[in-house]
Amino acid sequence: MLYVSGEISGDSWGIFAFLCAALWNLPTLPALNSTDEVGAVQSIQKTYDLTRYLEHQLRTLAGTYLNYLGPPFNEPDFNPPRMTRAEMVPSATVDFELWRNLNDNARLAANYRAYTHLLCYLRSMDGQVAKAELRKNLGHFCTSLQGLVVSIASVMSSLGYPLPSPLGSANPTWAQGPGTTSTHNDFLKKMDDFWLLKELQTWLWRSAKDFNRLKKKVPPAALMLRLEARGF
């Protein structure tokens, strides 16, 4: 703070008044005390960092796995229509404005349900891969994704939101229908894996934006200034 002849200058009073007003009007999360706010900020930041880490992991894993599946799944222009079986994989295809207009609780609940469901499918992939190195990478990714589910649950708890009910039984084991050859069934299984990876990429991209937006509602630096001003 600036001083002139032992008194606060006019400009300093203006800066001081601005800071007080900014801290007073700092956006807060409803029904949270100061300790809860700090926990919420830390949980949100951790979850944001984890989504970015998983995005980075998945870029490498997806390329390796699609090469393992072989043509046409590893071809850059392969973009098949979504099939009935693949529709069971939670889709991130939601209108952008519609998603933005949801409240924080609804978006967090959708993220929690989707990743819980996607994790079940991913674990089924892990158990069917023949290559040991790829199976190891999938297992590591599953562990990280499980961490994201736990982290989202922590964010919801810190904000006072209840955990949502599950989407239902995620059963990625498909029965071979009458008249369906093993070759055809294998192709459908690969199609499921293709859509799983594609949806995971979209979910992680959108989740990173969600948590980045959420953490800005309580900026950590400004929050600490406000806590210090309150004598904590």
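Rules used in this analysis
- All chains use their own residue numbering, which begins from 1 and follows the written sequence.
- Where totals are concerned, whole chains, interfaces and linings use all residues; where local detail is concerned, this predicted model gives features only for residues with pLDDT of at least 70, and gives and counts side-chain atom pairs only at 80 or more.
- To obtain the side-chain values, all non-hydrogen atoms of the structure were included, while hydrogens and water were left out.
- Each pair of aromatic rings taken from Phe, Tyr and Trp, with Trp reduced to its six-membered ring, is defined by centres within 6.5 Å and is described as stacked if the planes are under 30 degrees apart, edge-to-face if over 60, and tilted in the remaining cases.
- Three exposure classes are used, based on accessible area relative to the maximum for each residue type with a 1.4 Å probe and protein chains only: buried under 20%, partly exposed in between, and exposed over 50%.
- Put simply, a salt bridge is a Lys or Arg side-chain nitrogen that is within 4 Å of an Asp or Glu carboxyl oxygen.
- Numbering of helices and strands starts at the N terminus; helices are DSSP runs of H or I of at least 4 residues and strands are runs of E of at least 2.
- Grouping buried Ala, Val, Leu, Ile, Met, Phe, Trp, Tyr and Cys residues that are joined through side-chain atoms within 4.5 Å yields what is termed a nonpolar core.
- The contact definition used throughout considers only heavy atoms, calling two residues in contact when any of these lie within 4.5 Å.
- Cavities and pockets were defined on a 1 Å grid built from protein atoms only: a cavity is a group of points that admits a 1.4 Å probe but offers it no way out, a pocket is an open group of points flanked by protein on both sides within 12 Å along at least five of seven lines, and a lining residue is one with an atom within 4 Å of any such point.
- Grid points are joined across faces, edges and corners, and a volume is the space filled by probe spheres set on the points.

### What about the packing of aromatic side chains?
Turning to step 1, where the next piece is worked out: Here the structure, examined in full by the defined rule, presents 8 aromatic pairs.
Turning to step 2, where the next piece is worked out: For the pair phenylalanine 73 and phenylalanine 78, a centre-to-centre distance of 5.3 Å together with 80 degrees between the ring planes defines the contact as edge-to-face. The two residues phenylalanine 73 and phenylalanine 78 agree in class, both being buried.
Turning to step 3, where the next piece is worked out: Both rings, one in phenylalanine 194 and one in tryptophan 195, keep their centres 6.0 Å apart while their planes meet at 85 degrees; by these two values the pair is edge-to-face.
Turning to step 4, where the next piece is worked out: You can call phenylalanine 194 buried: its relative accessible area is 8%.

### Considering the pattern of salt bridges
Turning to step 1, where the next piece is worked out: Counting across every chain of the model gives 5 salt bridges.
Turning to step 2, where the next piece is worked out: Note that lysine 190 and aspartate 186 form a salt bridge whose closest N and O atoms lie 3.7 Å from each other. Linking lysine 190 with aspartate 186, this pair stays in helix α6 (residues 182–215), spanning 4 residues, or about one helical turn.
Turning to step 3, where the next piece is worked out: The class of lysine 190 is partly exposed, set by a relative accessible area of 24%.
Turning to step 4, where the next piece is worked out: Judged by relative accessible area, aspartate 186 falls into the partly exposed class, the value being 39%.
Turning to step 5, where the next piece is worked out: Between aspartate 210 and arginine 213 there is a salt bridge, and its shortest N-O distance comes to 3.4 Å. Here aspartate 210 and its partner arginine 213 are both found in helix α6, 3 residues apart, which amounts to about one turn of the helix.
Turning to step 6, where the next piece is worked out: Here aspartate 210 falls in the buried class, since its relative accessible area comes to 8%.

### Thoughts on the nonpolar core
For soluble globular proteins, nonpolar side chains are generally found buried alongside one another.
Turning to step 1, where the next piece is worked out: One finds Tyr115, Leu122, Phe141, Leu145 and Leu200 to be the most contacted residues of the largest nonpolar core, which totals 51 residues.
Turning to step 2, where the next piece is worked out: Contributions of two or more residues to this core are made by α2 (34–69), α4 (104–126), α5 (132–158) and α6.
Turning to step 3, where the next piece is worked out: Leucine 200 has contacts with Leu58, Tyr115, Leu118, Leu122, Phe141 and Leu145, leaving out every residue within four places of it along the chain.

### Some points on empty space enclosed by the protein
Turning to step 1, where the next piece is worked out: Scanning the model with the defined rule gives 2 cavities of 30 Å³ or more in all.
Turning to step 2, where the next piece is worked out: Roughly 50 Å³ of volume is contained in the largest cavity.
Turning to step 3, where the next piece is worked out: Around the largest cavity sit Asp104, Arg107, Leu108, Asn111, Asp210, Phe211 and Leu214, which together line it.
Turning to step 4, where the next piece is worked out: Every element with two or more residues in the lining of the largest cavity is listed here: α4 and α6.
Turning to step 5, where the next piece is worked out: Counting residues per element, the lining of the largest cavity draws most heavily on α4, at 4 residues.

### Quick look at the environment of arginine 100
Turning to step 1, where the next piece is worked out: Secondary-structure assignment places arginine 100 in helix α3 (residues 96–100).
Turning to step 2, where the next piece is worked out: For the pair arginine 100 and aspartate 210, spaced 110 residues apart in the sequence, the C-alpha separation amounts to 8.7 Å.
Turning to step 3, where the next piece is worked out: The contact partners of arginine 100, leaving out residues within four places of it in the chain, are Arg107 and Arg213.

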